[in-house]
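# Structural description and commentary
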Amino acid sequence: MYYEPRNNDHGLPFNPLKACVVPRPIGWISTVDADGAVNLAPFSFFNMLSYNPPYVLFSSGMHQDSAHKDTVQNIEQTGEFVYNMATWDQRQAMNLSALIVERGVDELAAAGLEPLPSSLVRPPRVKGAPVHFECRHYQTLDLPGRTPRAAHKVVIGEVVGVHIDDGALTADGLLDVARIRPIGRLGYMDYVSVEELFSMEKATPEEQIGQAAE
Ligand SMILES: Cc1cc2nc3c(=O)[nH]c(=O)nc-3n(C[C@H](O)[C@H](O)[C@H](O)COP(=O)(O)O)c2cc1C
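Reference entry: report on the structure contained in this document. What you are looking at is a predicted structure, and each value in this text was computed from that prediction instead of being measured.

## Details of the sheet that holds strand E6 (residues 80-85)
Here we have seven strands laid out as an open sheet, ordered E3-E2-E6-E9-E10-E5-E4, and antiparallel in their pairing. Whereas interior strands pair on both sides, the edge strands pair on one side only; in this sheet they are strand E3 (38-43) and strand E4 (46-48). Direction aside, the axes of adjacent strands within the sheet are offset by 30° on average. Along the sheet face, helix H1 (residues 70-78) touches strand E2 (27-32), E3, strand E5 (55-60), E6, strand E9 (131-143) and strand E10 (152-164) and points at about 50° away from the line of E2.

Structure below.
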């Protein structure tokens with residue numbers, strides 16, 4: 001099949017688009033507003049962009065009433081956010097933190113979570129998340145939508161502090177992702193948790209020549 005998103009003429013019972021780029025990591029983003037009220041929300045249009053320095057980004061749509069999401073407003077006000085890694089153990093709290101609550105209500109507490117202080121930024125970290133990145137706002141890119149409400153803001157932040165729970169490391173000092181089970185977003189209502197890993201050495205030019213000869 002082939003379809004053009006501008007016509008949305010896929011002919012399928014559900015829009016397949018989000019199922020076509022999977023799994024998407026979940027940026028579970030904590031922020032504070034100018035008065036210090038804590039906000040927490042998951043974003044699956046999220047990824048890491050570079051190493052030195054590391055940058056991360058997430059893309060936020062708008063609320064039904066065309067207001068920008070609290071996360072974006074808070075980052076614009078304060079210039080700071082924290083990425084918390086969402087895992088299988090905290091999947092329900094992650095989901096609860098997507099609920100729209102009145103601005104100024106502590107969404108971290110409302111999701112039954114406890115805060116941990118950050119080192120360099122004001123937004124707290126989510127206790128129980130095995131990895132946290134403290135981030136400073138670098139830039140926001142405005143993506144036009146086909147309708148005004150479909151516009152997105154792509155927020156890029158520089159990672160200035162990295163916390164890794166010592167208990168999430170193997171004896172060899174590797175992040176034990178098979179044990180901590182980060183979760184990712186698939187299409188529809190589906191998620192995935194990392195459980196089955198495989199490793200591959202970098203391919204060599206000799207291997208490439210061998211393939212071509214076969
Ligand atoms: C797993 C998951 C992923 C989400 N990803 C996004 C996303 O990438 N962009 C977005 O705008 N909203 C996303 N949402 C919805 C927001 O989390 C939701 O609108 C939230 O209420 C925003 O909160 P805020 O206004 O406190 O920032 C996602 C929700 C869930 C459960």
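## Examining the sheet that holds strand E11 (residues 183-185)
Spatial strand order, E1-E11-E12: three strands in an open sheet with antiparallel pairing. The two strands at the open ends of the sheet, each matched to only one other strand, are strand E1 (24-25) and strand E12 (191-193). Where E11 meets E12, three bridges bridge the pair, whose relative direction is antiparallel. If you follow glycine 184 over to E12, its bridge partner there is valine 192.

## Focus: the pairing of E10
Bridge count between E5 and E10: six bridges; the pairing is antiparallel. From the neighbouring strand, leucine 57 faces E10, where its bridge partner is isoleucine 156. Taken together, the 12 bridges between E9 and E10 define a ladder with antiparallel strand orientation. The residue of E10 that forms the bridge with glutamate 134 is glycine 161.

Analysis parameters
Residues numbered from 1 in each chain as written. Predicted model: local features only at pLDDT ≥ 70, side-chain atom pairs only at ≥ 80, totals over all residues. Heavy atoms only, no water. Pairing = 2+ DSSP bridges. Helix = DSSP H or I, 4+ residues; strand = E, 2+ residues; numbered from the N terminus. Axes fitted to C-alpha atoms, helices over the stretch in contact; angles between N-to-C directions. Contact = heavy atoms within 4.5 Å.

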